[in-house]
Amino acid sequence: GMVMVDHNGNIALINRFAEEMLSINSKRMIGKSYQELKQHYELSKLLGDGLRRKERIHDEQTLYNPEPRLIEIDGVPMFEDDDTYRGMLFLIQDVSNIRRLERMRSEFVANVSHELKTPIAAVKGFAETLMSGGVKDEQTSRSFLQIIYDESERLNRLIGDILELSKIESKRSPLNFSPIHLQPFFETIREMINSSAAKKNITLEMNVPEEIFMEADEDRLRQIFVNLISNAINYTQDGGQVRLHVRE
């Protein structure tokens with residue numbers, strides 16, 4: 001959005017995007033003081049500060065309109081060739097989604113770091129025990145090796161997920177849409193994760209009507225639901241129940 005305020009503090013221009021962001025009508029506001037933006041007190045205060053300072057400004061503010069929206073404001077002073085001050089031009093950008101994505105990335109990195117530490121510590125610990133000769137009987141050795149193998153598989157899955165996310169973000173993972181019959185689709189997922197559910201004695205219930213189809217990338221959709229249902233199993237107590245219901 002763009003808002004131009006002249007040297008007298010009167011609004012000279014408001015474009016359509018600024019109208020939408022600020023929920024104002026340009027016809028009613030043109031020629032009036034920037035202080036008429038009463039519903040956005042902090043923004044009005046910043047515009048006044050820019051006009052007084054007559055220099056570039058940059059700030060971020062939250063607008064409530066009525067939902068909170070984070071905006072980035074850049075103000076540029078306008079001068080004639082003879083250095084006569086004409087006012088300020090303000091560029092207003094909605095950066096809510098960008099900041100939300102930045103927070104998600106930060107949380108993701110923190111979560112992945114935590115997830116990676118556990119299997120790495122397990123592999124290192126059991127490997128060191130075996131190397132030191134602390135385990136004498138074959139059965140215990142095989143048990144330790146099985147744990148090392150399982151944890152290395154877990155690491156492999158985590159790294160695969162990270163690489164897949166990287167591909168999606170860099171647009172190197174195009175979607176291939178096709179019709180998917182959901183009942184057999186979810187049956188294949190059930191077969192993939194039945195063993196995980198059985199280990200915890202968890203009942204896996206899937207209610208998928210026979211007649212439902214959808215258009216999607218089958219591989220990506222399978223990744224999503226395998227991840228979701230696996231998480232449901234992992235975070236459900238032993239002997240619990242995981243239910244999946246599909247409806248139009």
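Provided above is the structure to which this section pertains.
As the structure is a computational prediction, the values presented were derived from the model and not from experiment.

A. Broad picture of the pairing of strand 1 (residues 2–6). Alternating residues of strand 1 divide into Val 3 and Val 5, all buried, and Met 2, Met 4 and Asp 6, none buried. Pairing of strand 1 with strand 2 (residues 11–14), which is carried by three bridges, proceeds in the antiparallel orientation. When the sheet's bridge partners are listed, Met 4 is paired in strand 2 with Leu 13. Linkage of strand 1 to strand 2, two consecutive antiparallel strands, is achieved through a turn of four residues, within which Gly 9 is found at a positive phi near 90°.

B. Highlighting unusual backbone geometry. Phi angles above zero are rare outside glycine, and Lys 54 is one such case at about 55°. Mapped onto the fold, Lys 54 is located in the loop between helix 3 (41–53) and strand 3 (57–64). Lys 54 sits in the partly exposed class, given a relative accessible area of 42%. Although it is not a glycine, Asn 201 adopts a positive phi angle of roughly 55°. In this fold, Asn 201 is placed in the loop between helix 6 (182–199) and strand 7 (203–207). What makes Asn 201 exposed here is its relative accessible area of 58%.

C. Up close: the packing of aromatic side chains. Applying the stated criterion to the full structure yields four aromatic pairs. Summarising the aromatic geometry, the rings of Phe 79 and Tyr 85 are spaced 5.5 Å apart at their centres and angled 50° between planes, so their arrangement reads as tilted. Taking the relative accessible area as the measure of exposure, Phe 79 reaches 44% and is therefore partly exposed. Owing to a relative accessible area of 11%, Tyr 85 belongs among the buried residues under this scheme. Centroid distance Phe 186 to Phe 225: 5.0 Å. Interplanar angle 80°. Geometry classified as edge-to-face. One end of the pair, Phe 186, is in helix 6; the other, Phe 225, is in helix 7 (residues 218–234), and 39 residues separate them in sequence. Classification of Phe 225 as partly exposed rests on a relative accessible area of 22%. Through a chain of ring-to-ring contacts, the aromatic side chains of Phe 185, Phe 186 and Phe 225 assemble into a single cluster. Its guanidinium or amino end placed over the ring of Phe 17, Arg 16 lies 4.7 Å from that ring's centre, counting from NZ or CZ.

Here is what the cut-offs are and how they apply
Residues numbered from 1 in each chain as written. Predicted model: local features only at pLDDT ≥ 70, side-chain atom pairs only at ≥ 80, totals over all residues. Heavy atoms only, no water. Buried < 20%, exposed > 50% of the residue type's maximum accessible area, 1.4 Å probe, protein only. Helix = DSSP H or I, 4+ residues; strand = E, 2+ residues; numbered from the N terminus. Pairing = 2+ DSSP bridges. Phe/Tyr/Trp six-rings, centres within 6.5 Å; stacked < 30°, edge-to-face > 60°. Lys NZ or Arg CZ within 6 Å of the ring centre and 35° of its normal.

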